Every structure is written in C-alpha cells, then in structure tokens.
Amino acid sequence: QVDDFKEILEAAIAEDKAADKKFKRDFADCGELLSVLYKHFRRRKQHTAKTISKPTSAQSSGEKRKSVHGQGRSSIRNSIQQASSIKPIIPLDGFNDRPEEIEPDIWDRLLSARNRKILMEEEVKRVTEIMTKMTNYMNQLSAQDDSNRRKIERALRTLADKHFDWNERFQESYS
C-alpha cells in the first residue's frame with residue numbers, strides 16, 4: 001500500500017510542478033505584466049485562526065481495537081483524518097487585490113489559475129502528510145517485527161539448549 005500511495009504522491013507533485021510551467025505558457029500574452037502576475041500567482045496568505053480538533057468517538061471512549069502488532073487501527077485512521085486538516089489559504093479578492101495595471105479579464109484568468117494551483121498544493125500537502133504517517137507506521141511495524149524475530153530466535157536457542165541437555169541426561173541415565 002505504501003508503494004501505491006507513493007505513486008499517487010509522485011503524480012500529485014508532478015501535476016503541481018506542471019501547473020507552474022502551464023502558468024507561464026497561459027500568460028505569455030501578457031508581456032511585461034508576467035512577473036507581476038506570477039508574483040500574485042505564488043502569493044499565499046493562510047488563515048491564522050487556531051483550529052480545535054474534536055476527539056473522535058473511538059478516542060473519547062478510550063476503546064481502541066488493537067491489531068496484532070499492538071498499534072490501534074483507529075489511531076491510524078485518526079492520523080489520516082488529521083492530515084486532511086490543513087490551514088486554508090485566503091483567496092485573493094477579485095476586486096480589491098487587483099493591481100491597477102492589470103485588466104479585469106486577465107485578473108480573472110489569474111485568480112482561476114491560482115485557485116487551481118492552491119488546490120493542487122493542498123492535495124500535495126495532504127498526500128505528503130499521509131505518506132509520512134504511513135512510512136512512520138511501516139517503520140514502527142518493521143522494528144516490532146525485528147524485535148519479535150530476535151525474541152523467537154532467543155527462545156528457539158533456549159529450547160534447543162534444553163533439548164540438548166535433556167538428551168545428554170537421558171543418554172547418561174541409560175549408559
């Protein structure tokens with residue numbers, strides 16, 4: 001699943017990068033205004049209000065179904081849901097934020113392109129956060145697996161030693 005999700009992330013990143021290149025092609029007809037338009041295209045203001053996350057029913061009741069590896073499955077779902085809580089970007093005002101030298105039809109094209117780009121950026125952020133959580137969880141499971149493997153090997157060695165001791169005692173008693 002991690003590899004499949006990694007492909008989704010790479011596709012989202014490629015699409016985001018393509019949007020920058022597409023902007024310059026789409027606004028090539030604007031000449032000298034291209035740098036001003038690009039500055040507004042890249043400008044991001046985020047809401048500064050703090051978000052308060054409500055605990056889910058699984059968190060509030062304290063009941064987490066444990067998987068074989070000891071990690072609660074509901075905590076994974078909660079991590080993925082929390083990753084989607086990204087601070088929203090304040091959109092540019094179609095009237096008040098427009099510089100005087102930019103025509104309204106060009107400004108509308110810019111706002112449309114910028115909004116598409118912001119959606120792509122938010123998707124990349126969301127997918128990146130989920131991918132990070134998935135990778136961390138996979139690393140945690142691998143570490144637990146290695147620990148369990150060492151415990152099993154130690155137990156098998158102990159069992160083999162006990163079996164060897166038992167065989168020696170058994171052979172000595174019948175000799």
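The following refers to the structure shown. Here, residues in each chain are numbered from 1, in the same order as that chain's written sequence. Confidence filtering applies because this is a predicted model: local features only for residues at pLDDT of at least 70, side-chain atom pairs given and counted only at 80 or more, and all residues used for totals across whole chains, interfaces and linings. Processing note: side-chain calculations cover all non-hydrogen atoms of the structure and skip hydrogens and water entirely.

## Thoughts on helix α1 (residues 2–26)
A rise of 1.5 Å per residue sets the reference length of α1, with its 25 residues, at 36 Å; its end C-alpha atoms lie 35 Å apart and thus fit the reference within 8%. Accessible area is worked out with a 1.4 Å probe on protein chains only. A residue is then buried under 20% of its type maximum, exposed over 50%, and partly exposed in between. Working definition: helices are DSSP H or I runs of at least four residues, strands are E runs of at least two. Numbering for both runs from the N terminus. Along α1, the residues that are buried comprise Val2, Phe5, Leu9, Ala12, Asp16, Ala19, Asp20 and Phe23. In what follows, a contact means two residues having at least one pair of non-hydrogen atoms within 4.5 Å. Its buried side turned inward, α1 meets α2 (34–42) and α5 (104–173). Here the expected length of a helix is defined as 1.5 Å per residue gap, with one fewer gap than residues.

## Things to note about the packing of aromatic side chains
Working definition: rings of Phe, Tyr and Trp (its six-membered ring) pair if their centres are within 6.5 Å, and the pair is stacked with planes under 30 degrees apart, edge-to-face with planes over 60 apart, and tilted otherwise. Under the counting rule described, the total for this entry stands at 2 aromatic pairs. Where phenylalanine 23 meets tyrosine 38, the ring centres are 5.5 Å apart and the plane angle is 50 degrees; that geometry is what we call tilted. Residue phenylalanine 23 is found in helix α1, and its partner tyrosine 38 is found in helix α2; the two are separated by 15 residues along the sequence. Owing to a relative accessible area of 2%, phenylalanine 23 belongs among the buried residues under this scheme. Members of the aromatic cluster, joined through ring pairs, are Phe23, Phe27 and Tyr38. Here the basic side chain of lysine 24 rests over the ring of tyrosine 38, its NZ or CZ set 4.9 Å away from the ring centre. Any Lys NZ or Arg CZ found within 6 Å of a ring centre and within 35 degrees of that ring's normal is scored as a charge over the ring.

## Structural notes on a positive patch on the surface
Residues Arg150, Lys151, Arg154 and Arg157 make up a contiguous surface patch of positive charge. Counting through the fold element by element, arginine 157 comes out in helix α5. Patches draw on residues past 30% relative accessible area with no salt bridge. Two like charges within 9 Å are joined, as are two nonpolar side chains (Val, Leu, Ile, Met, Phe, Trp, Tyr) within 5 Å. Where accessible areas are quoted, they stem from the Shrake-Rupley method and a 1.4 Å probe; at the residue level, only the protein chains shown are allowed to cover. Basic side-chain nitrogens of Lys or Arg form a salt bridge, by our definition, when they fall within 4 Å of a carboxyl oxygen of Asp or Glu. Here Asp and Glu are counted as negative and Lys and Arg as positive; His is not counted, and neither are the chain ends. Where a charge lies is defined by one atom per residue type: Lys uses NZ, Arg uses CZ, Asp uses CG and Glu uses CD.

## Describing the pattern of salt bridges
In total, this model carries 8 salt bridges according to the counting rule given. Among the salt bridges present, the one from lysine 117 reaches aspartate 20, with a minimum N-O distance of 3.6 Å. Within this pair, whereas lysine 117 is found in helix α5, its partner aspartate 20 is found in helix α1, the two being separated by 97 residues in sequence. Using a relative accessible area of 19% as the deciding quantity, one classes aspartate 20 as buried. One salt bridge connects arginine 109 with aspartate 29, and the closest N-O pair in it is separated by 3.2 Å. One end of the pair, arginine 109, is in helix α5; the other, aspartate 29, is in the loop between α1 and α2, with 80 residues separating them in the sequence. Arginine 109 sits in the partly exposed class, given a relative accessible area of 32%. Overall, the relative accessible area of 59% leaves aspartate 29 in the exposed class. Residues participating in the shared-partner salt-bridge network are Asp16, Asp20, Lys117 and Glu121.

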